[in-house]
Amino acid sequence: MELSSVVLTTGCSVVFFRLVNYGVSKVSMPVSAGRNAWKWRNISASFVHSSITAVWAVLCFFLHPQMAEDLIETYSVFSHALVSFSIGYFIYDFFDMLLNQKVSQSWELLFHHVVAITCFGLSVLSRRYIGFAVVALLVEINSVFLHLRQILRMSNMSKGTVYRVNSMVNLGTYVVFRINTLAWMTRWLVLNRDKVPLVAYTLGSVGLAIMTLMNIVLFYRLLRSDFLKSGARENKKEKEM
């Protein structure tokens, strides 16, 4: 993909998620979600992104298995488009939160998006590390259940069987596709230190360290909220997640 194609794909992605947000606003929502209509629209758009990206990332490795053997140089338009598409989502979501939520409530996700946009931007512009970026996007498999959890909570469905099953699947996929994936990426980066330029290595190391810390904290919150039955104060924090 040429630079113009990257810009076009990213721009179309931003517009697409803005349209998803608008479309959700025109569909009836649960009364309980009406108390925070913006959050409902934001989570719905995030759910759409994770659903698309989860399938797309798996297909990237299925259609181009050689990418798993060389995460640096192996390139495909299909995978490049996925990373560009996700950059567009992160740009959309960054401004959606910045304009509609207090920075004190969303600074962690805003920072996460800046790191993701920077790292993925380096990948699409250099046309290298595309495989590494796609591995990172495998975490979206878990995000499907993470966002569904929020949707169920906002719909006042946090007491039923559906929520309980989703909580177990969410925690399981969290360990496999978030914690394990981040650990594997860190190990890969260390083992391939001599193949990665200093700037990319530093950016990747800092980014992974930040992501790992944030995900460990989130895992603890999820475990405490859904399985350890913490008090109302922790549940209140969870509603802000």
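Residues numbered from 1 in each chain as written. Predicted model: local features only at pLDDT ≥ 70, side-chain atom pairs only at ≥ 80, totals over all residues. Heavy atoms only, no water.

Here, UniProt's "transmembrane region" (unreviewed entry) annotation points to residues 6-24, 45-65, 77-95, 107-124, 130-148, 168-186 and 198-223. For residues 77-95, the end-to-end C-alpha separation is 27 Å, with 100% helix and 0% strand making up the annotated structure. Between the C-alpha atoms that bound residues 130-148 there is a distance of 28 Å. The span itself is 89% helix and 0% strand. (UniProt positions renumbered as here; feature names shortened; annotations may be inferred. Helix = DSSP H or I, 4+ residues; strand = E, 2+ residues; numbered from the N terminus.)

Relative orientation of the contacting elements helix α7 (residues 161-191) and helix α8 (residues 198-226) amounts to 160°, with a least axis distance of 10 Å. By the criterion of interaxial angle, the relationship of α7 to α8 is roughly antiparallel. Of the two possible hands of crossing, α7 and α8 adopt the one that is left-handed. Its residues placed into classes, the contact of α7 with α8 shows 16 nonpolar, seven polar and three charged. (Axes fitted to C-alpha atoms, helices over the stretch in contact; angles between N-to-C directions. Parallel < 35°, antiparallel > 145°, perpendicular 65-115°, else oblique. Left-handed = near helix turned anticlockwise from the far one by under 90°. Nonpolar A, V, L, I, M, F, W, Y, C, P; charged D, E, K, R; others polar.)

Glancing now at unusual backbone geometry. In the Ramachandran plot, R127 falls in the positive-phi region, its phi being about 60° despite a non-glycine side chain. By the element assignment, R127 lies in the loop between α4 (103-126) and α5 (130-137). Look at Y129: it is not a glycine, yet its phi comes out positive at around 65°. Looking at where Y129 falls in the secondary structure, it is placed in the loop between α4 and α5. Given the relative accessible area of 11%, Y129 is considered buried. (Buried < 20%, exposed > 50% of the residue type's maximum accessible area, 1.4 Å probe, protein only.)

This part covers the environment of Y220. Structurally, Y220 is set in helix α8. A relative accessible area of 44% means that Y220 is categorised as partly exposed. It is 42 Å that separates the C-alpha atoms of Y220 and E2, two residues lying 218 residues apart in sequence.

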